[in-house]
Structure formats: structure tokens, C-alpha cells
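Take a look at the letters that make up each chain.
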Amino acid sequence: MFEKSTWIRLPRNVVVGHGVRDEVLDVIDDLHLQGRPLFVTSPTPREVAADPIAADFEAAGIEPAIVTIEKATFEAVEQVIEVAEAEDVSYLVGIGGGKAIDIAKLASHHLEMGFLSVPTAASHDGIVSNRGSVPDGDSRHSVAAEPPLAVVADTGILAEAPWELTTAGCADIISNYTAVMDWRLAQRLKDVEYSEYAAALSEMTAEILVDNADLIRPGLEESAWIVTKALMSSGVAMSIAGSSRPASGAEHLFSHQLDRLAPEAALHGHQVGVGSILTAYLHQGEDGIWWDIRDALSSIDAPTTADDLGIDDETVIEALTTCHEIRDRYTILGDGMNERAARDVATKTGVIE
Ligand SMILES: NC(=O)C1=CN([C@@H]2O[C@H](COP(=O)(O)OP(=O)(O)OC[C@H]3O[C@@H](n4cnc5c(N)ncnc54)[C@H](OP(=O)(O)O)[C@@H]3O)[C@@H](O)[C@H]2O)C=CC1
Ligand SMILES: O=C(CO)COP(=O)(O)O
Ligand SMILES: [Zn+2]
């Protein structure tokens, strides 16, 4: 008997382009959302997007509640839930980088309310995904959550954000190469659930981005367009898979461990990019695609070394030798690297001196 079944949960509206910040109200109408929204944002995104969008709502006779969070913590998620209940809101709008969007996503999941994703930085592929990531005790990886009902990505805002945020988004996409290698390995060795469609979409997304690397330049709105579409495609791959596997392998374990050992030293995307150089070498050795990954990162000004990340060599080695412990996700790291092997790969790839 055929017993397979799956739910693929995706946004209903994805609106991308110049000036679409002004279309948030139209999207709300299109989704037939009623009542008062709660905007979840962080300090800079509040200035560049949340306050102007709130003014549009006020002009239309709707007064949004607003919470500004500083850090991605469970306390922040609880604060958002409390405000949502106290202010009697009907839906949430996450406006900002990964931090604000993830918190809105997790709070809306708990509240069983819809939410909209309004990114102000093309810095990560959680814009569209059905995953939320907030540190919880020793864990730092994403968990299943609601996908947004809609995404409104204004390329004017995204192009004006600091360039390093865009290069972080590119690196998060480039890391899909090694994430998919890890996924296939885990499927072969551990029979983990695997989707060829999600894997192919994830790899194709990375390929298109690398093929267009010449067009990705600071100040060009076209760059924000290319990177944002890639981030969305990668988020869709995660939704098809029902897990972050197509976009998160050992390079993400490495980054999550760096978040714990060197909090806020570097952006998520930049850390996973450097992790991807290391794990591509582990998969394929000296002549493999680690060179291409390093060249692609370097061509868009993304970090390729510990020094570029602002993290010392010893912390990189510690992260590499311990990160297999932080999640039950089989990768090329297996049951862990010893220190000599970690130093060897980090030196051969030029990540440490
Ligand atoms: N759910 C998922 O599937 C995924 C989740 N993630 C998560 O996303 C997070 C990474 O996202 P990231 O965006 O890098 O982190 P943040 O949300 O912390 O944003 C990084 C920085 O960019 C600033 N910023 C955002 N927009 C603008 C703008 N328009 N102009 C100027 N500054 C701006 C923020 O300002 P301020 O400090 O004022 O907020 C912050 O300092 C991680 O927690 C990661 O785990 C990553 C990938 C997938
Ligand atoms: O960052 C992500 C994909 O780019 C999400 O992956 P994690 O599940 O490892 O948090
Ligand atoms: Zn990521």
C-alpha cells in the first residue's frame, strides 16, 4: 500500500522589487487579513522600514503595535507573545534581518497567527523558509515553524543596506553546495529522508548565483534582486524538504558553534561561507570544488579566512573539532575531527595561517 504523504508549506504572495515597501497594505488586503498587526523589528530596520510602513497603516486608519528587539533570544520571543496578547493583535509582520524575522516567525507559530516577512537585508535564507532559529540552551540551529503568509522584499531598501549584509546572503547560498553534499552522504550512510527536488533546487540556486557573481556589486539594485531571489529559492528548497538539510550541513554546524564560542563576531552567512570552504575540502580533497567556493566568496568580497571573520585561529579549530556534537545531523564530520586533522584542513585551505 502507498503510505507516503507530505505538506509543503509556502508563502501565498511573494512581492519583490523597487519601492514595494509601499505595497504592504495591498498585500494585507489581498490576504484578507483583518484587525491590528504587531510589527516585530530591531533598531536599524525600525528606522529604515518599520516606521515608514507604520505611517502607511496609520494613514489607512490601522494603528500597528510595535516591538523592537535587540537580540535573537527566547526572552524576545516571549516578549513578542506577551505584547501580541496584551494588544489584541491579529497578525504579525517581521521587519528586519534574520533576527527580527525569526522571532516573528517563532512567535506567530506559538500564537497560531499568520505573519508577513519584510526583509531589510539580503543576508540569510530564512526570509521565506518554514524554519526559525533562536539559541536555546546549548542548541543554536533552526526548528520547524510557520512559513510567512507573504514576503515583501523592497530591493531599494536591500540595496541600500550595508554591502556586507548582501555578501553574507550570497555566502549563505554558496554554502548550499556543501549542505547538499552532506545531505547525500547522510542519505547513503544513514538512510536519512532525502528529496531530490529540494537538493536539485538548492544546488541550482547556488549555481545561478555563482554564474551571476559578476553582476553582484555594491550599490547596484540589480544585485539585491539577484541575491534576494536566490535566498527565496533556497528557502523554498527548505520548505519542500521539510527540513533545513538542503541549505545546512557541516558548514552550518561550524557557524553555529562559532556563534557560541565567539558571539556576534561575524555574520551568519560569512561564517557558513568559510565553513563551506573547509567542508568542501573534507568531501573532495585538494582538487575539489573548495577552490571554486573560495574564489566565488572572494569575488564578492565575502570572508575566506579566520582573520577576515575577525575570529582567532584557535577558536576556528575548537569550533571545527566540537561542532559535530551540537546537533543530531550526520555530515562529513562524522563523529568528529581530531585537532591535527582540523589544523591540517584549515591550513591547507588558507583559513588559518
Ligand atoms: N530561519 C532560517 O531558516 C534561517 C535563519 N537564519 C538566522 O538569521 C540570523 C542571521 O540573519 P542576519 O540578517 O545576518 O542577522 P541580524 O538580523 O542580526 O542582522 C544583522 C545586522 O544587520 C542590521 N540591519 C538589518 N537591516 C539593515 C539595513 N537595512 N540597514 C542597516 N543595517 C541593517 C541589523 O541591525 P540591528 O542590530 O539594528 O538589528 C544587524 O545589526 C541568524 O540568527 C541565523 O541563524 C539564517 C538562515 C536561515
Ligand atoms: O541557516 C540556515 C540555512 O541557511 C538554517 O539552518 P539551521 O537549521 O542549521 O539553522
Ligand atoms: Zn544559513
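Above: the structure in question.
Residues numbered from 1 in each chain as written. Chains lettered and ligands numbered in written order. Predicted model: local features only at pLDDT ≥ 70, side-chain atom pairs only at ≥ 80, totals over all residues. Heavy atoms only, no water.

Caption draft 1: Quick look at the pairing of strand S1 (residues 13-17). By the criterion of burial, S1 is predominantly enclosed, with four of the five residues buried. Bridge count between S1 and strand S8 (residues 150-154): five bridges; the pairing is parallel. Of the residues in S8, the one forming a bridge with Gly-17 is Asp-154. (Buried < 20%, exposed > 50% of the residue type's maximum accessible area, 1.4 Å probe, protein only. Helix = DSSP H or I, 4+ residues; strand = E, 2+ residues; numbered from the N terminus. Pairing = 2+ DSSP bridges.)

Caption draft 2: The pattern of salt bridges, seen in detail. According to the stated counting rule, one finds 13 salt bridges in the structure shown. One salt bridge connects Glu-264 with Lys-71, and the closest N-O pair in it is separated by 3.3 Å. With Glu-264 in the loop between helix H10 (250-261) and helix H11 (268-284) and Lys-71 in the loop between strand S3 (65-68) and helix H3 (74-86), the pair connects residues that are 193 residues apart, well separated along the chain. Residue classification places Glu-264 among the exposed residues on the basis of a relative accessible area of 63%. (Salt bridge = Lys/Arg side-chain N within 4 Å of Asp/Glu carboxyl O.)

Caption draft 3: Representation of the coordination of the zinc ion (ligand 3) within the structure. At the metal site, the zinc ion (ligand 3) is ligated by Asp-172 (OD), His-252 (NE2) and His-268 (NE2), and these contacts range over 2.1 to 2.2 Å. On the primary sequence, the residues serving as donors to the zinc ion (ligand 3) are separated as D-x79-H-x15-H. A residue pair is termed long-range when its members are at least 10 positions apart, and Asp-172 in helix H6 (residues 163-174) and His-252 in helix H10 qualify at 80 residues. Among the residues examined, Asp-172 registers a relative accessible area of 0% and is labelled buried. Of the residues examined, His-252 reaches a relative accessible area of 4% and is grouped as buried. (Donors = N, O, S within 2.8 Å, 3.2 Å for Na, K, Ca; no water.)

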